[in-house]
Amino acid sequence: MKINIATFIMLLTPLLSHAQKVYTLDECVSLALEQNLEIGNSRYDQLLYDEQVKEVKRAALPKLGFGAEYDLYTQLPTTVIPSSAFSPGAEGYAAASFGTPHQSTYALQLEQVIFNPSLNVGIKAAQTINEMGEIQYVQTKENITFRVASTYYNAQVVAKQIEMLEDNSQSLDTLIASTRMMMQSGLVNTTDVDRLVINKSSLDNHTATLQADYIYLINSLKLLLNMDTDEGLTIEHQLSPDLSALSFQDAFQYENRSEVQLLNKQKEVLDLQEKQINSGYLPHLSAVASYGVMGYGDQSENYYEHYDFSYVGLKLNWMLFDGMVKSSQKTQKKIEMKQLNAQLEMTQRSIENERINALSKLKVHQREVANQKQSMELATNIYQNIQMQYSEGVVGVQEIIESENELTEAQTNYLNSWVRLQQAKLDLAKAEGHLLTHYN
């Protein structure tokens, strides 16, 4: 039993009783940008970067701590003091024990950074790394957009090819029926009918293979859109007749590419890291304050008393010599900067090469589509004329088979050239950093 393309598409979804929405390319891209799992993970990465920035900034906030200590002395520590402290004029030293067996300390400690250049630079570096995360998020969206558009175009071509092959198959059905009538009249023999049947069988087998390819492409598209495999998805089958290129500006800017933006941000991070190393030569100053209670007790004398204490002050840390560690760190950062500059130059050259190739392919495939479309129209006219001549007995089965094969080949060539043109447009949009602008 013959299944036309409309019935075939409807078999892809269990919702046969409902009219199914037809998704355009722009709608598929928008849906992927909202639902794709890779983009979702990239969003989580961005949230992590945001929290890391907050973490670094909060290092500048006041720090409040609490400490407690309890000591039970089974033997009080002994100290030695001059004997003259007890008896003026006495010589030598005397041993004495001070304190009580039970001693405790409870204190709150407050510290606030006043001057820490390393921390200030670290905050700027964290913000720059956060901006790198935003660029990586855009990169993920560009990658998904490219894959959705490429898959969508291939699915369109396969669906259109199935339609054309089914039309050709229907024509062969009509031709086989008329040839059998001619055979009954003695105008043709059984071999002619068999050759037509064989040709139609080959055509149907090709159609079945394409139907499997179409299911694979639709399922791939569903995966990109984060749709369930049993959920219906119908795309447009009408190919865009527009052969014009996308409108790109001649003044191409490398900064439009996320790869270049990311490398420039990496250079900013390296520069800040070098500044952070230099700031390590400077002192770090903090204000400190504490309030606490000290307790002393002796069970044997039923004695226990608490005494408050408090203080405020400044704490200074200054590394005067670190064994030339920072000097080595600075040298490493300078080498890494040279590597980034070289990588940036290579990336820009690669982008320019991509752009030139995409522009060249675009021009070639525009002409190719126009030529292949004309060839397909001519092959269609020839096939129709051969069919008419065959019904009139002017030509034989061989001519009709050859004409049908030429038509199928011309249709395939046209569809392949059309998808190559769309791929060239995609490549150019990617090369110039316009994917999210032109496909969303």
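Residues numbered from 1 in each chain as written. Predicted model: local features only at pLDDT ≥ 70, side-chain atom pairs only at ≥ 80, totals over all residues. Heavy atoms only, no water.

On to the sheet that holds strand β8 (residues 303–317), then. A sheet is described by the order of its strands in space; here 4 strands give the open sequence β2-β5-β7-β8, paired in antiparallel fashion. Both edges of this open sheet fall to β2 (63–72) and β8, since each of them pairs with a single strand only. Neighbour-to-neighbour, the strand axes of the sheet open up by a mean angle of 15 degrees, direction not taken into account. With 10 bridges joining them, β2 and strand β5 (residues 102–115) adopt antiparallel strand pairing. The residue bridging phenylalanine 66 from the neighbouring strand is leucine 108, located in β5. (Pairing = 2+ DSSP bridges. Helix = DSSP H or I, 4+ residues; strand = E, 2+ residues; numbered from the N terminus. Axes fitted to C-alpha atoms, helices over the stretch in contact; angles between N-to-C directions.)

A few words now on a negative patch on the surface. A surface patch of negative charge is lined by Glu399, Glu402, Glu406 and Glu409. Turning to its location among the elements, glutamate 399 is positioned in helix α8 (residues 397–431). (Patch = residues over 30% accessible without salt bridge, like charges linked within 9 Å, V, L, I, M, F, W, Y side chains within 5 Å. Areas by Shrake-Rupley, 256 points an atom, 1.4 Å probe, with all protein chains shown as cover. Salt bridge = Lys/Arg side-chain N within 4 Å of Asp/Glu carboxyl O. Lys, Arg positive; Asp, Glu negative; His and termini not counted. Charge placed at Lys NZ, Arg CZ, Asp CG, Glu CD.)

Bringing the packing of helix α4 (residues 117–184) against helix α7 (residues 325–391) into the picture now. Think of two packed helices as two axes; the pair is described by the angle between the axes and how far apart they sit. Interhelical geometry of α4 versus α7 gives an angle of 15 degrees and a closest axis separation of 11 Å. Regarding the angle of α4 to α7, the classification is roughly parallel. For the pair α4 and α7, the crossing hand works out as left-handed. For the pair formed by α4 and α7, the contact residues are Met164, Ser171, Leu172, Leu175, Thr179 and Met182 on the first element and Met376, Tyr383, Gln387 and Tyr390 on the second. (Parallel < 35°, antiparallel > 145°, perpendicular 65-115°, else oblique. Left-handed = near helix turned anticlockwise from the far one by under 90°. Contact = heavy atoms within 4.5 Å.)

Right, let's get into the nonpolar core. Val148, Leu196, Leu225, Tyr390 and Ile400 are the most contacted members of the largest nonpolar core, which has 65 residues in total. Counting only elements with at least two residues in this core, the list comes to α2 (25–35), α4, α5 (190–225), α7 and α8. Considering every element that reaches this core, the biggest residue donor is α4, with 18 residues. In this structure, leucine 225 is in contact with Cys28, Leu31, Ala32, Gln35 and Val148, ignoring residues within four places of it in sequence. (Core = buried A, V, L, I, M, F, W, Y, C linked by side-chain atoms within 4.5 Å. Buried < 20%, exposed > 50% of the residue type's maximum accessible area, 1.4 Å probe, protein only.)

Further remarks concern the environment of arginine 349. Mapped onto the elements, arginine 349 comes out in helix α7. Of the polar contacts made by the side chain of arginine 349, one reaches the side chain of glutamate 345; its length is 2.9 Å. (Polar contact = N/O pair within 3.5 Å; in protein donor to acceptor, adjacent residues only side chain to side chain.)

In this section: the pattern of salt bridges. Applying the stated criterion across every chain, the model contains 18 salt bridges. Glutamate 27 is the salt-bridge partner of lysine 21, the closest N and O atoms lying 3.2 Å from each other. Two residues, lysine 333 and glutamate 336, come together in a salt bridge whose shortest N-O distance is 3.8 Å. Of this pair, lysine 333 and glutamate 336 both sit in helix α7, 3 residues apart, roughly one helical turn. You can call lysine 333 buried: its relative accessible area is 17%. Its relative accessible area of 29% is what places glutamate 336 among the partly exposed residues. Three or more residues are tied together by salt bridges with common partners; here these are Glu131, Lys265 and Glu268.

This part is about a nonpolar patch on the surface. Together, Leu64, Phe66, Tyr106, Leu108 and Leu110 make up an exposed nonpolar region whose accessible area comes to about 510 Å². Listed by contribution, the elements that provide at least two residues to the nonpolar patch are β2 and β5. Under the relative-accessibility criterion, leucine 64 is labelled exposed at 64%.

Moving on, we get to the pairing of strand β7 (residues 284–298). Across 13 bridges, β5 lies against β7 in antiparallel orientation. By the bridge assignment for β7, glutamine 112 is matched with alanine 287. Sheet topology note: the β7/β8 ladder contains 15 bridges and is antiparallel. Paired with tyrosine 291 across the two strands is serine 310, which belongs to β8. Remark: 4 residues form the turn of the hairpin made by β7 and β8, two consecutive strands paired antiparallel; asparagine 302 in that turn has positive phi of roughly 50 degrees.

A few words on α4. Here α4 spans 101 Å end to end across 68 residues, near enough to the 100 Å set by a 1.5 Å rise per residue. Downstream of α4 by one or two residues, glycine 186 has phi in the positive range, about 85 degrees. (Expected span 1.5 Å × (residues − 1).)

Right, let's talk about the side chain of threonine 140 for a bit. Secondary-structure assignment places threonine 140 in helix α4. According to the relative accessible area criterion, threonine 140 is buried, its value standing at 18%. Residues in contact with threonine 140, not counting those within four places in the same chain, are Glu38, Ile39 and Ser42.

This part is about the packing of helix α3 (residues 37–58) against α4. With their axes 9 Å apart at the nearest point, α3 and α4 run at an angle of 175 degrees to one another. Relative to α4, the element α3 is oriented roughly antiparallel. Of the residues that constitute the contact of α3 with α4, the class distribution is 10 nonpolar, 9 polar and 7 charged. (Nonpolar A, V, L, I, M, F, W, Y, C, P; charged D, E, K, R; others polar.)

Glancing now at the environment of aspartate 71. Looking at the element boundaries, aspartate 71 is found in strand β2. A relative accessible area of 25% places aspartate 71 in the partly exposed class. For the pair aspartate 71 and glutamine 127, spaced 56 residues apart in the sequence, the C-alpha separation amounts to 47 Å.

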